Amino acid sequence: MQEIIIGIGVTAFAGALAAMAGAAEDTESNIGSQGDPNSQVQLAPQMGYTHRIYNKAVSGEPPAYTLWVTLACGIAWAFTMLHVNAMLAIIFGTVLATFVQGIYATTAYLGRTASLSKFGQPVFIDVLKSVTTVTMAHAFVAILTTVAACYLMSTMLQHPFALPLLGIVWGLALGAAGSATGNPYYGKERQYQNQKFGAGVPISASGNIVRYAEAGQRSSIDNGFFTAKFGGPASGLCFGLIVFLELWRTVLFEHSLDNWGAVGWGAVIVGALIIVLFMIIDRYVEIWARTNYGPYTAEA
Amino acid sequence: MSVKVEVSHDGVPHNTVMMKNGILALFFLYIAIAAASVAGDGSWSYPAIACVSGGIAAVFTLRWGNSTIKKLCSYGIGTGVPSAGMLAFGSGVIAMLFATKVNPFLVPIAGLLVALIVGLILGWISNSVLNMKIPVMTRSIAELAAVGCLTLMGLTAVATGDIGYDQITTGLTDPYASYISAGIIAVAFILGAIALQHPFNACLGPGEKQDRTDLLAIECGFLSMIVMAVISFAFVSQIAAWISFVIALIGWFVTYRQFFALSKRDAAAWLDAKPFSDAEE
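Structural notes, computed from the coordinates. Throughout this description, residue numbers start from 1 for each chain and increase along the sequence as written. Whichever chain is written first is A, and whichever ligand is written first is 1; the rest continue in order. With the structure being a predicted model, the display of local features is reserved for residues of pLDDT at least 70 and the display and counting of side-chain atom pairs for 80 or more, all residues being used for whole-chain, interface and lining totals. Side-chain calculation: all heavy atoms of the structure are included, whereas hydrogens and water are not.

As for unusual backbone geometry
With the exception of glycine, most residues fall at negative phi, and the peptide bonds are largely trans.
Part 1 of the reasoning: Although it is not a glycine, Q158 of chain A sits at a positive phi angle of roughly 50°.
Part 2 of the reasoning: Put simply, DSSP marks the helices as runs of H or I at least four residues long and the strands as runs of E at least two long, and each gets a number from the N terminus on. By the element assignment, Q158 of chain A lies in the loop between α5 (125–155) and α6 (163–190).
Part 3 of the reasoning: For A273 of chain B, which is not glycine, the phi torsion reads 55° and is therefore positive.
Part 4 of the reasoning: Considering the arrangement of structural elements, one finds A273 of chain B in the segment after β1 (270–271).

Below, the structure is given as structure tokens:
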């Protein structure tokens, strides 16, 4: 019984950590302009729209976050082997992973921008200084919370995977959650706020992204302000639910079918049921949205 | 059907890059193996040599892989650049683990051969079965598998000071916490995969220059070496780990500064807190 109570506590705590991680991850990637909306940032100068938006083309968010989280996990493991306190080891790992993230971000921005010289896109050193540090700060929060959740799974729940392997799994999941949930909000809303709402993005508007703020030319640093309102919390909810439900089903149902000889299958069946439940909810929401908002029609 | 996009025209041919860096990488891997084989208990000088030469081997291999990725991805594989890195290291892990079981002095050559075979099969599947029809596909995937395998060996040498199967399955501080069982090979996998794809992915565009992309590959190699050197504190003696860490840090810092200089050379303008001038204004 005590085992289950500790398990529930860890589940709740890991879910809360994951919610923070998701929110910070999406904010980080939007400030740095990573993931699929970045293609428009890359395209804009070629269409004649010079801009001051960051261009953090490291890779898609899932591989990038796999690297940061796995790195932090590996280094945290190495420091615990050297008898460093676990919390301190996680912080050391996160600091080094954030350093690597910052280096990759700057080289991506410089490389991509220098390769666009034909279209007159300048390198902005002030953007490099201000935006990189802000993405690093958000990345620190995202990595620290994810590694802490991995560490909880590894030590408190006796997960059979080694810490860096958990880092690969959850880093990938974190990047995927942020990319799938948060990016449409950034790519289709923020970049095209100057287009008619609900019009989609016509080919002629390709590359014509928002480049001016209320006063003067904007960098992508205020994407953080924008994302923190909705895209970030939505990603946090998504990743938090993923971690919470995954641990919840394992803690409660892993041994529920053991008496019937199906050891461990209880959690698998509950997992499949959760997926089916979410498919039904998704389909309902989709039909509801289609009937309420309908296809786009031009205003008469 | 694919259209070939020319990348840098002014460059060193790919075959030259491949031969030069491939041979240098093998040379440094053999130095690492030789140093590891004569290292006695408690000595730090030979493990230090093994760690550092492993890191340098990884840097040379990444330069080769970067050139291959550039050649492959000039056929309009935009979003496929990061995937190429993953594929390379996925096949590289298989080849490396297979090769570590043979005689230590055959490990790099055996790894290279197994990786080439795995890569040729994967390349044939993607080109002929999945019908991607890219002329350089089969050869490039085979090369990438070899690059993945050799880079992993290099990074493994940085972390553990050796490449042998016994060494990577037993730990120094805790016999059950080894390079494999603690999952540090996963760190090497993802570190190498991102370092392999990043240089070309970060520098692609019409103004891409071979020397700048190549320099970024070296920078990524040293950055990966820094991380593995930090992890190596759990596997090798403190002094050896410090030596490889400091050398990696110096190598990274020099190439990073140089990359800034080359970016400044190639950029249209280098502005600090100045607005852009818009043609529409």
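Things to note about the pattern of salt bridges
Part 1 of the reasoning: Here a salt bridge means any side-chain nitrogen of Lys or Arg lying within 4 Å of a carboxyl oxygen belonging to Asp or Glu. Under the defined criterion, the tally for this structure stands at 15 salt bridges over all chains.
Part 2 of the reasoning: Close ionic contact of E286 of chain A with R283 of chain A constitutes a salt bridge, the shortest N to O distance being 3.3 Å. Separated by three residues within a single helix, E286 of chain A and R283 of chain A lie in helix α9 (residues 265–293), roughly one turn from each other.
Part 3 of the reasoning: The partner of D211 of chain B in a salt bridge is R265 of chain B, with the nearest N and O atoms 2.8 Å apart. Here the residue D211 of chain B occupies a position in helix α8 (residues 210–231), and R265 of chain B occupies one in helix α9 (residues 238–266), the gap between them amounting to 54 residues.
Part 4 of the reasoning: By sharing partners, the salt bridges in this structure join K209, D211, R212, R265 and D266 of chain B into a single network.

Quick word on the interface of chain B and chain A
Part 1 of the reasoning: Contacts are residue-level and defined by heavy atoms, with any inter-residue pair within 4.5 Å sufficient. With 57 residues of chain B at the interface, the matching set in chain A holds 55 residues.
Part 2 of the reasoning: Summed over both partners, the accessible area lost on bringing two parts together, with a 1.4 Å probe, is the buried area. In total, chain B and chain A occlude about 4400 Å² of area from one another, counting both sides; carbon and sulfur atoms represent 70% of this.
Part 3 of the reasoning: At the boundary of chain B and chain A, one finds one salt bridge.
Part 4 of the reasoning: D272 of chain B serves as the salt-bridge partner of K129 of chain A, at 3.7 Å between the closest nitrogen and oxygen.
Part 5 of the reasoning: In protein, a polar contact means a hydrogen-donor-capable atom and an acceptor-capable atom, both N or O and within 3.5 Å, with residues adjacent in sequence counting only if both atoms are side-chain atoms; elsewhere, any N or O pair within 3.5 Å suffices. Taken together, the connections running from chain B to chain A amount to 19 residue pairs in polar contact (both at pLDDT 80 or more).
Part 6 of the reasoning: Secondary structure elements with two or more residues in the side of chain B that touches chain A: α3 (80–99), α7 (184–203), α8, α9 and β1 of chain B.
Part 7 of the reasoning: The biggest single contributor to the side of chain B that touches chain A is α7 of chain B, with 13 residues.
Part 8 of the reasoning: For the side of chain B that touches chain A, the residue count by class is 37 nonpolar, 10 polar and 10 charged. Only Asp, Glu, Lys and Arg are considered charged in this grouping, and only Ala, Val, Leu, Ile, Met, Phe, Trp, Tyr, Cys and Pro are considered nonpolar; every other residue, Gly among them, is considered polar.

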